[in-house]
Each structure stands twice: as C-alpha cells, then as structure tokens.
Amino acid sequence: MGRTVYFTTPIYYVNAEPHIGHLYTTVLVDTLKRFHTLMGDEVYFLTGTDEHGEKIAQVAQKQGIAVETLTHQVTETFRNTWRQIGLCNDDFIHTTEPRHKEYVQQVLKRVYDAGDIYFDEYTGLYCVGCERYLTQTELKDGKCPDHQTVPKELKESNYFFKMGKYQQALIDHIERNPTWIRPERFCNEVRSFLRQPLDDLCISRPKSRLTWGIELPFDENYVTYVWFDALLNYVSALKQTSDGRDIHDHYWPGCNHVIAKDILKTHAIYWPTMLMSANILPPKPLFNQIDVHGYWLSGESKMSKSLGNVVRPMTFDQQFGIENLRYFFMREMKFGQDANFTYELFVERYNADLANGLGNLLSRVASIAKRSLDGKIPEVTGFTEAEAPVITAATEACQQYPTEFENRRFHLAIESIRKLLAAADGYVNECQPWRLAKEEDKRDDLARVLYTGLEVVRIAAILLSPVMPKTCQGILDYLGERRQLSGDVLFADLTAWGGLTPGHNLGDVPRTFPRIDDKKLKSVLKAAEDQAAKKVAKDDNNTGKMVTIDDVDKVDLRVGVILKAEMVEGADKLIRLAVDLNEDRPRQVFAGIRSAYPEPQGLVGTQVIVVANLKPRKMKFGVSEGMVLAASGGTDRLCLATFDGDLHPGDRVS
Ligand code: MSP
C-alpha cells in the first residue's frame with residue numbers, strides 16, 4: 001500500500017462566484033489526487049467556502065441582501081460548479097456549518113485556557129480585501145499592493161493571540177524542514193519575514209461593528225476573526241466528515257495544503273503557530289506540506305471583475321471544454337510562477353499539443369487499423385531497431401512523469417509525454433504505414449507500426465489521465481484497456497510496454513481533439529470583448545455618466561433636523577427617523593444606517609441632507625417620505641452627511 005495523503009484547497013470567499021483562478025487550484029488538487037491514486041496512494045481531497053468576515057458582510061450589504069442568502073447562494077454555486085465539472089473532492093466544507101463552528105470554539109477555548117489569548121486595545125491598518133492588518137512595510141505608496149486600496153485605520157479593544165511567542169519555534173521548524181514550503185523562494189520569503197519580530201494576532205471583532213462570525217466562547221460580545229476561523233476548516237472537516245465520520249487521525253499526518261502566493265503568510269505563519277498553541281500539530285511530518293503556486297494573469301494584467309476579464313468555468317466548458325483547459329493549466333504554468341491566460345494562448349497550445357499531437361497520432365494509426373486490419377489491435381511477435389527509440393521514449397516518460405509530478409514541476413511532467421508523442425510521430429512518418437498497407441507482403445511490418453503507434457497512445461493516455469480524466473478514459477476504453485487506474489494495478493505494470501490486447505475490436509475511430517479554427521477563436525474573443533464592454537457600460541451608468549445642471553435641479557435637497565430616531569422592530573438594518581423640514585408635520589424617513597448608529601437616540605438634533613421630492617415609498621413598517629444622504633466606506637464607516645454650520649430646517653441645499 002502506498003502513502004496516505006490529505007490534500008486541501010483554500011476555502012474560497014463567497015463574495016464572488018468561481019472564476020478560473022479558483023478553478024486552477026481546485027483542478028490542480030483534483031489532478032494531484034488522481035495522480036496519487038494512480039500511484040497506489042490513499043488520498044483524501046477537501047475543498048469548500050469561507051463564509052464569514054467583513055468582506056462578505058459588506059458585499060451582502062451592497063447587494064441589499066441578507067448575508068445568509070448571499071453565502072448560501074455562492075456556496076451552492078461553488079459546490080455545483082465543481083460537481084458539474086466532475087471533480088473528485090471527498091468533502092466540501094463551508095464555515096457556517098455546525099461541525100466547523102463547534103470545532104473553532106473548542107480550539108479557541110483551548111488556546112484561551114493555555115493562556116495564549118489576552119485582551120488589549122489596538123490601532124492598526126486593516127485591509128478588508130486581505131481581511132488582515134498590514135504592516136507599514138507591506139504597503140506600496142500607502143496602499144495594499146494586492147488590492148490597490150488604502151487600508152483603514154482601526155482602533156478598538158480586541159482579543160489577541162500570542163503569535164509572537166511561537167516565532168522561534170517556527171524559525172527552528174523551517175530550518176529543520178527546508179522543503180516544508182515549496183517552491184523554495186516562498187520558503188525564503190517566509191524566512192525573511194520572520195527576521196522581524198512577529199506581532200501578536202488580533203483574533204476578534206466586536207459585535208458592535210461586525211456580527212457575521214463565530215462567537216468567541218469566552219466573550220459573547222465578540223466574533224472570531226475570519227482567518228482564525230477559516231484555517232481551522234482543514235481540521236474540522238476531518239474531525240467530522242459530511243457523513244459523520246471522524247477520520248482525523250488517519251489523514252491529518254499527511255496533510256498537503258495547496259494555495260496561491262496571496263495567502264502564504266496566513267498559511268505559513270498564522271496556521272502553524274495556531275496549531276502549536278492548540279497542541280494539534282500533525283505528529284509526522286511535524287507540519288503539513290504547503291505548495292504555493294503563482295497567479296493566472298489575463299493578458300499580463302490581474303483578472304478582475306471590474307475589468308470584465310474574468311473567465312467563468314462553466315462558460316469556458318461550453319466554449320472549449322474544461323478538460324482541455326486542465327491540460328493548458330498544467331502545461332502552461334510553471335509551478336510557483338505567474339502565468340498568462342488568454343484564449344489565443346490556449347488555442348495555440350491546444351492545437352499544437354492535443355490536436356496535432358495526441359489527437360493526430362491516434363487518428364492516423366486508428367484509421368489505418370480500421371481500413372487495413374479489420375479494426376483490430378494486431379498481434380505482434382517482436383519489435384525491431386526501428387521501434388527502439390520509441391520504446392525508450394516511453395520508458396523515460398513513465399519514469400520522468402511521476403518524478404516531475406512529485407516535485408511539482410507539472411509542466412515538465414507534461415513535456416515528457418509530449419516528447420514521447422513526438423518520438424512516435426517521427427517513427428510513424430518514417431515507417432509510412434499508409435504505404436505498408438498497400439503492400440501485401442508487408443503485413444507484419446504494418447502490424448508492428450500500428451501496434452507501436454496505438455501503444456504509445458495507450459501509455460500517453462494513462463500518464464495524462466490525472467490531467468484529463470474523462471478524455472483519457474474514453475481513449476483507454478477505445479483501446480480496450482480495462483484495468484482500473486486506481487492503484488489496484490501497479491503503475492509500472494500498467495505502463496509496461498506491450499499492454500495492448502491483440503484482437504481487441506477498436507470500433508469507430510474516435511474524433512478526439514478536433515482542431516480549433518480561427519473562426520471559432522474569433523467568435524469567443526468577440527463574446528469576451530462584448531462582456532468586458534458591457535461591464536464598462538454598466539459602470540459608466542453608475543459613476544461616469546455626465547448629468548446637466550437641469551438634472552441636478554430636479555432633485556430637491558433640503559436641510560432636515562432629526563427630531564426622533566428609533567429602532568424598527570423586525571428590521572435590523574433600519575432606523576425610523578422623524579425629520580423636521582419646516583413643513584406642517586415632520587417627515588417619516590426609514591434609513592438603512594443602523595449598523596453605524598446602534599444607539600439611534602444620539603442622532604436627535606443632527607442636521608442632515610434630505611431628498612425632499614423623492615416619491616414616497618410604502619414599506620412593511622410604514623411609508624418612507626424622503627431619503628437622508630449618507631456615505632459608506634464599508635459597514636463600519638457609514639456616515640450621515642451633515643453641515644459644518646447651523647442652518648434652518650427646510651433650507652434649500654444646492
Ligand atoms: N478565504 C481565503 C482562503 C482561506 S483558506 C483557509 C481566500 N479566499 S479567495 O477566494 O480569495 O481565494 C484565494 C485563492 O484562490 C488563491 O490562493 C488561489 O488558490 C485562488 N485564486 C484566486 N485567483 C487566482 C488567480 N488569478 N490565479 C491563481 N489562483 C487564484 O483567500
């Protein structure tokens with residue numbers, strides 16, 4: 001029996017639907033699972049979604065929907081996307097599940113009891129995009145380099161985890177296990193970060209500003225910081241699987257996290273120190289392996305919803321097929337480095353390697369076999385000098401491929417298959433089976449050449465099967481390879497030269513990997529451009545569109561004075577205001593500002609700007625007769641617009 005390996009992807013935030021960046025990591029882990037299974041290892045594969053935190057709460061607020069609705073919808077989209085694509089994850093965890101919440105509270109309690117949590121006041125620069133405090137040295141021109149936003153200064157009393165206490169233990173660990181983080185340059189990045197004193201970690205958020213999180217077991221006025229919550233999914237999902245099993249002790253020692261470089265610090269620093277404090281380190285190896293990949297860029301720039309250049313997995317599937325994208329992913333990205341995704345590059349790679357490479361070899365030899373050998377795999381008595389380079393290339397590919405996979409050099413693993421196919425192609429060109437087929441006395445030669453070509457296809461399909469599982473299974477079925485790729489048969493036996501079964505009826509020549517022509521590429525490019533243009537037009541409607549002074553004049557803005565401000569029963573976002581506009585009676589206005597003004601009475605006497613000619617709106621709680629203006633810089637930075645001098649109710653604002 002082989003090794004026991006536990007692979008994880010990051011759990012994705014539910015502030016956005018899956019795009020091909022998320023797809024890459026998840027497909028990579030899917031491929032790793034299939035590869036290890038082929039090698040006879042026992043593998044468990046976990047993915048899921050990260051549902052708590054400020055970022056998610058903000059998005060729900062912006063969209064005007066309950067945060068539970070948003071998280072449920074997006075989590076289901078992730079789950080269904082992976083299912084439709086046919087990924088082989090063993091479980092899917094999301095962080096609002098009871099099994100996870102309970103475990104997070106247990107661990108918090110343990111860390112608290114160990115004396116590793118204290119209460120303090122803190123001022124820091126918080127990036128909501130990263131969901132963490134940034135240090136001055138991490139900023140570029142005062143902004144978060146990943147999100148290009150100015151972090152906000154936060155000052156509040158919170159709970160802190162004594163992360164600094166574990167700095168030396170972490171440094172020692174890295175020195176003892178230099179391959180813990182791969183590729184090496186990411187390990188060096190962590191090493192150099194640890195040369196500075198390691199700050200403690202703020203692990204709570206006061207409920208007065210954020211309720212969307214797991215309550216601290218030792219203070220009901222606080223929720224858990226989203227990263228302290230999210231990282232624990234890697235263990236909570238093993239402690240209790242979706243179908244109720246505890247598989248922790250079996251898999252935890254073999255844990256292998258796969259992440260992109262954006263979340264290296266949280267995985268290489270927060271996570272192991274949390275594990276040390278809670279005393280839940282995997283016994284051996286001491287810590288879990290971390291594999292770090294680069295970013296997929298879109299034509300050299302970041303993929304972003306606002307640029308309209310994100311590619312959705314299911315859209316791509318309809319256009320060109322996910323399996324072909326999986327090949328591109330593995331071949332094109334050098335693990336650890338950024339890579340460029342464009343449709344043009346994809347089509348180029350597909351046509352060169354799959355249409356002209358594997359597809360062409362298969363259709364060439366299979367169609368001659370169909371015409372000249374009754375569509376059967378021929379019997380061959382032996383091989384000659386002519387086949388020697390092909391057989392050598394096959395042996396080399398079968399050795400190189402697993403080694404490169406183990407070392408996370410996926411592009412070289414694929415390259416080893418390409419070399420084998422190139423050797424076979426050269427061989428077929430030289431032997432010219434189409435000519436042999438016309439000569440009666442060359443039947444043996446013809447049989448040998450076609451067998452060799454088909455055998456290369458069989459071996460290539462086995463090697464490629466973790467990357468393109470459905471396509472390769474189709475090819476293997478066609479070739480009559482019935483052995484399971486599940487480790488029951490040794491990889492060496494499966495890939496040993498001569499595995500084809502003579503006499504197998506091949507049937508119709510499969511049309512694998514048809515060439516993608518320019519017309520198809522152009523139509524997809526046009527659709528992508530239209531999508532980006534639509535996105536820009538939509539943004540212009542919201543922000544960039546010019547209005548005339550007449551348009552502005554249509555809005556009757558008045559000074560209003562708040563006379564009464566109270567909570568609205570059954571509406572946790574609203575405040576009911578009575579606003580004096582110097583009319584017969586005060587106006588009733590419902591304002592969605594409760595999160596920023598938890599004690600509404602304090603608003604009485606405030607002068608605000610009211611849209612006085614807004615059509616009255618009937619709401620569940622009464623009629624709203626206007627709108628007060630406010631600005632939002634995030635859930636906690638919502639502010640009413642007021643005046644810096646005294647005015648009279650009803651004064652016109654212009
Ligand atoms: N919720 C946290 C992770 C918590 S894990 C305990 C988070 N979520 S995320 O939705 O932002 O996902 C980040 C991850 O998505 C990256 O680490 C990477 O795996 C994947 N990717 C997102 N965009 C990507 C690219 N453009 N390119 C490659 N991977 C990308 O961080």
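Provided above is the structure to which this section pertains.
These lines cover the structure that appears in this document, whether it is placed above or below. Predicted model, so just to flag it, every value in this text is computed and none were measured.

**Quick word on helix 14 (residues 388-406)**
1) Next: A rise of 1.5 Å per residue sets the reference length of helix 14, with its 19 residues, at 27 Å; its end C-alpha atoms lie 28 Å apart and thus fit the reference within 8%.
2) Next: Within helix 14 the residues assigned to the buried category are Val390, Ala393, Ala394, Ala397, Cys398, Tyr401, Pro402, Glu404 and Phe405.
3) Next: Buried residues along helix 14 sit in contact with helix 1 (20-38), helix 15 (410-431), helix 17 (443-464) and helix 19 (491-494).

**Some points on the sheet that holds strand 16 (residues 339-341)**
1) Next: Taken in spatial order, the three strands line up as 15-14-16 in an open sheet, and their pairing is mixed. In this open sheet, the two edge strands, each paired with only one partner strand, are strand 15 (301-302) and strand 16.

**Section: the nonpolar core**
1) Next: Membership of the largest hydrophobic core comes to 177 residues, with the highest contact counts inside it found for Ile181 and Phe341.
2) Next: If we skip the residues at most four places from it in the chain, Phe341 touches Ile20, Trp296, Leu297, Ser298, Gly299, Met303, Val311, Phe316, Leu325 and Phe328.

**A short note on unusual backbone geometry**
1) Next: At the junction of Arg182 and Pro183, the peptide bond is cis and its omega measures out at -10 degrees in the coordinates.
2) Next: Assignment of secondary structure puts Pro183 in the loop between strand 7 (181-182) and helix 6 (184-193).
3) Next: Non-glycine residue Asn279 carries a positive phi angle of around 60 degrees.
4) Next: Asn279 sits in the exposed class, given a relative accessible area of 65%.
5) Next: In the Ramachandran plot, Gln432 falls in the positive-phi region, its phi being about 50 degrees despite a non-glycine side chain.
6) Next: Relative to the helices and strands, Gln432 is located in the loop between helix 15 and helix 16 (433-436).
7) Next: Under the relative-accessibility criterion, Gln432 is labelled partly exposed at 25%.

**Section: the pairing of strand 3 (residues 91-94)**
1) Next: The alternating pattern of strand 3 places Asp91 and Ile93 and Phe92 and His94 on opposite faces, both of which are buried.
2) Next: Judged from the four bridges that link them, strand 2 (residues 42-50) and strand 3 form a sheet pairing that is parallel. The residue of strand 3 that forms the bridge with Thr49 is His94.

**Here we look at the site of the ligand**
1) Next: Neighbouring the ligand are 22 residues, the closest being Ile11, Thr25, Asp50, Asp262 and Trp296.
2) Next: Tyr13 is positioned such that a nitrogen or oxygen atom in its backbone is 3.0 Å from an oxygen atom of the ligand.
3) Next: Taking Gly21, its main chain carries an N or O atom lying 3.4 Å from a nitrogen atom of the ligand.
4) Next: Alone, the ligand offers 680 Å² of accessible surface; in the complex the protein occludes 94% of this.
5) Next: Listed by contribution, the elements that provide at least two residues to the shell around the ligand are strand 1 (4-13), helix 1, helix 7 (226-231) and helix 8 (233-239).
6) Next: The greatest single-element share of the shell around the ligand, amounting to four residues, is contributed by strand 1.
7) Next: Considered class by class, the residues forming the shell around the ligand number twelve nonpolar, eight polar and two charged.

The rules behind the values
- Residue numbers restart at each chain and count upward from 1, following the sequence in its written direction.
- Confidence filtering applies because this is a predicted model: local features only for residues at pLDDT of at least 70, side-chain atom pairs given and counted only at 80 or more, and all residues used for totals across whole chains, interfaces and linings.
- Where side-chain values are given, they derive from all heavy atoms of the structure, hydrogens and water being excluded.
- Only runs of H or I of at least four residues qualify as helices and only runs of E of at least two qualify as strands under DSSP, and these elements are numbered from the N terminus.
- What a helix is expected to span follows from its residue count: subtract one and scale by 1.5 Å.
- Only protein chains enter the accessibility calculation, which uses a 1.4 Å probe. A residue is then buried if its area is under 20% of the maximum for its type, exposed if over 50%, and partly exposed in between.
- Here, residues are in contact when the closest pair of their heavy atoms is within 4.5 Å.
- Pairing between two strands is assigned when DSSP locates at least 2 bridges connecting them.
- Take the buried residues of types Ala, Val, Leu, Ile, Met, Phe, Trp, Tyr and Cys, join any two whose side-chain atoms come within 4.5 Å, and each joined set is a nonpolar core.
- One heavy atom within 4 Å of a molecule or strand is enough for the residue carrying it to be called near that molecule or strand.
- N or O atoms within 3.5 Å of each other form a polar contact, as long as, within protein, one can give a hydrogen and the other can take it, and as long as residues adjacent in sequence are counted only when both atoms are side-chain atoms.
- Working definition of accessibility: Shrake-Rupley area with a 1.4 Å probe, residue cover restricted to the visible protein chains.
- Polarity classes work like this: nonpolar for Ala, Val, Leu, Ile, Met, Phe, Trp, Tyr, Cys and Pro, charged for Asp, Glu, Lys and Arg, and polar for all others, with Gly in that last group.

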